[in-house]
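If you want the building blocks of each chain, they are given just below.
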Amino acid sequence: MKEFPIEKAFMLIEPGPVVFVTTAVGRRKNIMTISWTMVMDFTPKLAFVTGSWNHSYQALLQTKECVIAIPSADMSEAVVGIGTCSGADTDKFRKFGLTPAKAKAIKVPLVAECIANIECRVIDHALDLGVNFLDTADMYGCGDNERLVGQAIRRRRDEVVLATKFGNVRDEQGNFLGVIWRKTRRPSTLN
Ligand SMILES: Cc1cc2nc3c(=O)[nH]c(=O)nc-3n(C[C@H](O)[C@H](O)[C@H](O)COP(=O)(O)O)c2cc1C
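Residues numbered from 1 in each chain as written. Predicted model: local features only at pLDDT ≥ 70, side-chain atom pairs only at ≥ 80, totals over all residues. Heavy atoms only, no water.

(A) Spotlight on the site of the ligand. Around the ligand sit 18 residues, and of these T33, N54, S56, C85 and G87 come closest. One of the backbone nitrogen or oxygen atoms of G87 is found 2.6 Å away from an oxygen atom of the ligand. Computed on the free molecule, the ligand has an accessible area of 640 Å², of which 80% lies beneath the protein chains in the complex. Among the elements that take part in the shell around the ligand, strand 2 (residues 28–34) stands out by supplying four residues, more than any other. Per-class residue counts for the shell around the ligand are seven nonpolar, ten polar and one charged. (Near = heavy atom within 4 Å. Polar contact = N/O pair within 3.5 Å; in protein donor to acceptor, adjacent residues only side chain to side chain. Areas by Shrake-Rupley, 256 points an atom, 1.4 Å probe, with all protein chains shown as cover. Helix = DSSP H or I, 4+ residues; strand = E, 2+ residues; numbered from the N terminus. Nonpolar A, V, L, I, M, F, W, Y, C, P; charged D, E, K, R; others polar.)

(B) Broad picture of the pairing of strand 5 (residues 65–70). Of all six residues making up strand 5, five are buried, and the element is well covered by its neighbours. Summarising the sheet, strand 1 (residues 19–25) and strand 5 pair through three bridges and their orientation is antiparallel. Residue pairing in the sheet places F20 in a bridge with A69 of strand 5. (Buried < 20%, exposed > 50% of the residue type's maximum accessible area, 1.4 Å probe, protein only. Pairing = 2+ DSSP bridges.)

(C) Geometry of the side chain of N30. You can see N30 is positioned in strand 2. A polar contact of 3.3 Å, which involves the side chain of N30, links it to the side chain of S56. When sequence neighbours within four positions are dropped, the list of residues in contact with N30 reads V21, T22, T23, H55, S56, G87, K92 and F93. (Contact = heavy atoms within 4.5 Å.)

(D) Just the layout of surface pockets, in detail. Reported here for the largest pocket is a volume of approximately 1,000 Å³. Counting only elements with at least two residues in the lining of the largest pocket, the list comes to strand 4 (46–48), helix 2 (55–63), strand 5, strand 8 (116–121), helix 5 (123–128) and helix 6 (144–152). For the lining of the largest pocket, the element with the most residues is helix 6, which contributes seven residues. Looking at side-chain class alone, the lining of the largest pocket contains 21 nonpolar, six polar and eight charged residues. (1 Å grid on protein atoms, 1.4 Å probe; cavity = no way out; pocket = protein on both sides within 12 Å on 5 of 7 lines; lining within 4 Å. Points joined across faces, edges and corners; volume = space filled by probe spheres on them.)

The following block contains the structure:
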């Protein structure tokens, strides 16, 4: 049997899949390639590994928001290209012909050409850095964001002041009906 140094042996376990991670600070958007990704549990928490050697990292620390976008196989050239140049000096969306699309709950762009886009917030790290106020709303993803924030802080609930904006009324299919603007006005009377 062939011996393999431990520094290389860990590479035998492919975390995958290869994804894009988009970030944005103000209007400056960026995109990088990440293969070191992992689903942590069912909450759903996702993890990926990166660090200060990448331009995206500062944006992630600053905004605590990113999109994990899953490219299709025919985007492999862009995957390698985006993973071998820096947003510090390149507008990678433009260079690789990708279309930024508006996300629902965060200010970071989706990648329209990708198979799927997952809007993410870095909640744990924010708490570690001393953030103790979280704000959500029932209209962010039709309640999805409230559920996500709830799951993410469930073991650290005492450390956080949690606010939510509410009053948006939807029907069972999730169609927006309006906003409750008076205590006495019932959702069924809104149009
Ligand atoms: C296939 C592939 C996989 C990569 N996986 C990772 C990764 O898991 N983590 C990481 O920090 N960088 C990874 N990189 C490198 C970054 O994408 C690369 O450093 C990129 O230039 C960072 O862009 P930025 O400086 O604009 O943030 C990967 C690159 C390629 C091509």
